[in-house]
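Breakdown of the fold
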Amino acid sequence: MELNTYQQQAFEYQRPNIEKFGKRAWFWTIFYLLWIVVGGYALYLQIAKGHGVTGMRDNVVWGLFIVNFIFFIGISYAGAIIAGLLHLFRVPWGKPIIRLAQMMTIISVVVGPVFILLCVGRFDRLHHLFIYPRLQSPMTWDVLAILTYFVGSVLFLYMALIKDFAVYRDAKLNVPKWKQKLYNALSLGYRGGASQKRHLIVSQNLLAIIMIPLSIIVSSILSWIFGMTLRPGWHSTIFGPYFVLGALYSGCGVLIVAMWVYRKMYRLENYFTNRHFTYLGYIMMVLAAGYGYFTFSEYFTSWFGSERWDSEVIHKLFDPSEYGWWTLFANLAGILLPILIVAIPKTRTPGLISLSAFMMVMALWVKRYLIIVPTLETPLLPMQDTRAEYVKYTATWPEWALTFAGIATFLLFFTLMSKFVTVVPVSGLEETRTQHEQAQDILKKDKVQPA
Amino acid sequence: MKQEEINDKSRRDFLKTAAIATLATAACGSLACSCSSKQKAATGNTVKLLSPEGEIVEIDSAYLNHQEHMAIVSKLEARQGIAGKKFVMVVDLARCKNARKCITACQKWHYRPEETEWLTVKLIKDSDKGAPYWFPKQCFHCDNPPCVKVCPVDATFKRQDGLVLIDNERCIGCKFCMAACPYSTRVFNWNEPEQPLDIKNLVYSAETGLPAKVGTVEKCDFCPDRAREGLLPPCVEACPNGVFYFGDENEDTVTNGDETVSFSQLIKDRAAYRYMEELGTKPRVYYLPPKDRQFPVERGYEDLPENIKERFKDIMEEKKS
Ligand code: SF4
Ligand code: SF4
């Protein structure tokens, strides 16, 4: 693979990151593994003793696990949509961040479904989904959708990586034999010939075109698991688009945070520039407004219509002795804060944008909790149960342990992946220059040579 | 599949099941004991059975032990239902005084612990000024069942005789059906269910729901194994006030054990309604409104054990004040 000067520089700059697995990487890896071990113990308890160790009971049949599932899957869909759009429209400034978005897609689509497995009472019977599939069930749609989506996003990331693998292969990296061999195998003999180039571009374009609608479909199907039931707070026509937007929005936040972390960690200021934060900040702001609008419509129509069950859920959400404070947090940090931070020029700095993005991601997690739990705590028939744990859901430590283990797995994958491929794609940068000369001029200001 | 094939298969299934059940109980001893203690004389009529090893064995029919909860139909038949039937239930709210005999009878028959109520009695107050009344509720075996619609593996299914049953050997425990049932009917086996050894050793059938399986969903099943033998569900039999009428819509008769009446006449005369009809679930359980009640509502409250009293305290206190 031939690299031009700029590309070469970008590669040399990131070379140590994939050659060495430094002390810091070891520290975090071990740290995450410890969390995963704790989660493993919780899982062992859950298998040995049954799901009774969780806080889920007959009324609130789904809890933290489903919340995490929606959360991670949402991030994943967002990654695919963002990467797809940036790719398709050849957004010049998008090149350096596509890889990050794609990594996010893959990692969270691996972590997310694990939570569904944790939630299922008999995961020894999962093969039943394939030997007795029932197409009428939204759950079956979801299984099919996620599997399709998983394959699509792996291919999408891989296609984008082939050229880079060829670069790593040819660079005579100072890495162990197995790693070199792996690069060699994964690069599929790519040499940058004209026909190879063309094929690769065509497949990438095709995949991007497939992935964007696929993410939207898959995200809607996820929402229908809830929307298709007759439950107050779930049974709403707005749920499909609401989930799509929520997914995009939270994913945008995670992307900003990831950019900030890598920028700090690997000193990538020349690639993840201030401009990137501002642009993604703008996108985040628009999404925040959209999400706020949806949230408002949802709450307002339920409240105004004041049907018995709807108002009961709304009441729970806004009552300070129930979920009132959480609702306040979810809407302040999840909607208002990002808008303000980005709208005010003074606060529109990478640090603050990332901070607000981080807060927003947390708020959106809480928001998912507020979608799932209060509704399940509001059955149509009076509960008239005296067992406290049946009336109100409280997550137990195994559930929290597994939640943190999931987050740790998510971060661990990020750490490992950034030691295997460069976070900023090196070969990708070339295309921007050759195909979009004018766009180059705009970018020039940011492209200060690495020190 | 051709009809003969089905028959043939189900016969084989039955033989196998019966053999396994016999051997299993023999192994655990309890039922074998009760059998041998009676020392039945051989009749000379032998029955061919398939042993678990796959050998055909001949056994004198006198030694065959008819056993409750034994799966007597094949899996396929358990999914199809009893031909020609259409089960319905009518619940007379005017007669219920929360005697709770139905609940205990149900739990006893199905070997469910005290906390697991497939059948519950709620205290319902429809409007602020309305008078509270006792409301027994089991699965409504809806004709448009939301629970069945969402099951990803067809573990919960609708039969031609109207029943909605669960195959606990197929259920993956996703709990989607629990979220989907608007009547909070379904319960989950959060932990390993505690059941006597001879029940644990039974061959599972969707019609008996025994033995219960951890990590799966269960609910009221209208006791199809009893229906096959012409018996009423235990709740119907146990109710001292004849609240529950059970029967067949095709025959247009329902009975509460004491009196047998015309189903269509009963629901016409007493202005029967179905709970939350507006949900479109089309329940197979009809309620007769609590008009001209036989008991004051307090009768079902005062003598309750404290922990159960607790459930209805809010409404009862509201009523007093
Ligand atoms: S009452 Fe609930 S569990 Fe029973 S059939 Fe209807 S929806 Fe299904
Ligand atoms: S819990 Fe079992 S019966 Fe219910 S939907 Fe899931 S697989 Fe079907």
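To be clear, the structure that these remarks concern was listed above.
All of the points below concern the structure found in this document. Since this is a predicted model, take the numbers as computed values, not measurements.

Scoring rules and cut-offs
Residues numbered from 1 in each chain as written. Chains lettered and ligands numbered in written order. Predicted model: local features only at pLDDT ≥ 70, side-chain atom pairs only at ≥ 80, totals over all residues. Heavy atoms only, no water. Pairing = 2+ DSSP bridges. Helix = DSSP H or I, 4+ residues; strand = E, 2+ residues; numbered from the N terminus. Axes fitted to C-alpha atoms, helices over the stretch in contact; angles between N-to-C directions. Near = heavy atom within 4 Å. Nonpolar A, V, L, I, M, F, W, Y, C, P; charged D, E, K, R; others polar. Salt bridge = Lys/Arg side-chain N within 4 Å of Asp/Glu carboxyl O. Buried < 20%, exposed > 50% of the residue type's maximum accessible area, 1.4 Å probe, protein only. Patch = residues over 30% accessible without salt bridge, like charges linked within 9 Å, V, L, I, M, F, W, Y side chains within 5 Å. Areas by Shrake-Rupley, 256 points an atom, 1.4 Å probe, with all protein chains shown as cover. 1 Å grid on protein atoms, 1.4 Å probe; cavity = no way out; pocket = protein on both sides within 12 Å on 5 of 7 lines; lining within 4 Å. Points joined across faces, edges and corners; volume = space filled by probe spheres on them. Phe/Tyr/Trp six-rings, centres within 6.5 Å; stacked < 30°, edge-to-face > 60°. Lys, Arg positive; Asp, Glu negative; His and termini not counted. Contact = heavy atoms within 4.5 Å.

1. What to know about the sheet that holds strand E11 (residues 253-255) of chain B
Residues and elements named next belong to chain B. In spatial order, the strands read E12-E11-E10-E3-E13; together these five strands make up an open sheet with mixed pairing. At either end of the open sheet lies a strand with only one pairing partner, and these are strand E12 (260-262) and strand E13 (285-288). Geometrically, the sheet is characterised by an average inter-axis angle of 25 degrees between neighbouring strands, direction not taken into account. When strand E10 (residues 244-248) meets E11, the two strands line up antiparallel, connected through three bridges.

2. Description of the site of ligand 1
Every residue near ligand 1 is listed here: Cys139, Phe140, His141, Cys142, Pro146, Cys147, Val164, Cys181, Tyr183, Thr185, Arg186 and Lys219 of chain B. Taken together, the residues of the shell around ligand 1 sort by class into eight nonpolar, two polar and two charged.

3. So, the pattern of salt bridges
Note on pairing: side chains with opposite charge can pair once their charged atoms come close. Using the criterion set out here, one finds 34 salt bridges over all chains in the structure. The partner of Arg15 of chain A in a salt bridge is Glu19 of chain A, and the shortest N-O contact between them spans 3.0 Å. Taken together, the residues Arg15 of chain A and Glu19 of chain A, both in helix H1 (residues 5-19) and four residues apart, mark about one turn of the helix. Overall, the relative accessible area of 22% leaves Glu19 of chain A in the partly exposed class. Across the pair Arg270 of chain B and Asp92 of chain B runs a salt bridge whose closest N-O atoms are separated by 2.9 Å. Of this pair, Arg270 of chain B sits in the loop between helix H10 (263-269) and E13 while Asp92 of chain B sits in strand E3 (residues 87-92), placing them 178 residues apart in sequence. Given a relative accessible area of 29%, Arg270 of chain B falls into the partly exposed group.

4. Here's the deal with a nonpolar patch on the surface
Residues and elements named next belong to chain A. Taken together, Phe27, Trp28, Phe31, Trp35, Val38, Tyr41, Tyr44, Trp397, Trp400, Phe404, Ile407 and Leu411 make up a surface patch of nonpolar side chains, about 1200 Å² in accessible area. If you list the elements that add at least two residues to the nonpolar patch, you get helix H2 (23-49) and helix H15 (397-418). Broken down by element, the nonpolar patch gets its largest block of residues, seven residues, from H2. Mapping Ile407 onto the fold places it in helix H15.

5. Quick notes on the layout of surface pockets
Taken as a whole, the largest pocket encloses approximately 1400 Å³ of empty space. In this structure, the largest pocket is lined by 44 residues; those nearest its centre are Tyr32, Val257, Phe358, Ile407 and Leu411 of chain A. Looking at the lining of the largest pocket, the element that brings in the most residues is H15 of chain A, giving ten residues. Looking at the lining of the largest pocket residue by residue, the classes come out as 32 nonpolar, eight polar and four charged. In this model, the second largest pocket occupies a volume close to 1000 Å³. In terms of lining, the second largest pocket is formed by 33 residues, of which the most central are Arg308, Glu312, Pro382 and Met383 of chain A together with Ile315 of chain B.

6. Looking at the packing of aromatic side chains
Residue and element names in this part refer to chain A. Per the counting criterion, the structure on display carries 62 aromatic pairs over all chains. Note on Phe239 and Phe243: the rings are 5.2 Å apart at their centroids and 35 degrees apart in plane angle, and the pair reads as tilted. Here Phe243 and Phe239 lie together in helix H9 (residues 239-266), a separation of four residues that amounts to about one turn. Comparing Phe239 with Phe243, the two get one shared label, buried. Considering the side-chain rings of Tyr262 and Phe414, the 6.3 Å spacing of their centres and the 50 degrees angle between planes classify their relative orientation as tilted. Here the residue Tyr262 occupies a position in helix H9, and Phe414 occupies one in helix H15, the gap between them amounting to 152 residues.

7. Some details on the side chain of Lys367 of chain A
Residues and elements named next belong to chain A. For Lys367, the position within the fold is in helix H13 (residues 350-376). Buried charge without a salt bridge: Lys367, with Glu298 as the nearest opposite-charge side chain at an N-O distance of 7.7 Å. Residue contacts for Lys367: discarding those within four places in its chain leaves Tyr242, Tyr291, Thr295, Tyr299 and Ala330.

8. Focus: unusual backbone geometry
For the peptide bond that leads from Leu210 of chain B to Pro211 of chain B, omega is -10 degrees, which places it in the cis range. One non-glycine residue, Gln384 of chain A, lies in positive phi territory at about 45 degrees. Note that Gln384 of chain A resides in the loop between H13 and helix H14 (388-391). The class of Gln384 of chain A is buried, set by a relative accessible area of 13%. With phi around 45 degrees, His141 of chain B is a residue other than glycine that occupies positive phi space. Mapped onto the secondary structure, His141 of chain B falls in the loop between strand E5 (133-137) and helix H5 (146-150). For His141 of chain B, a relative accessible area of 0% gives the class buried.

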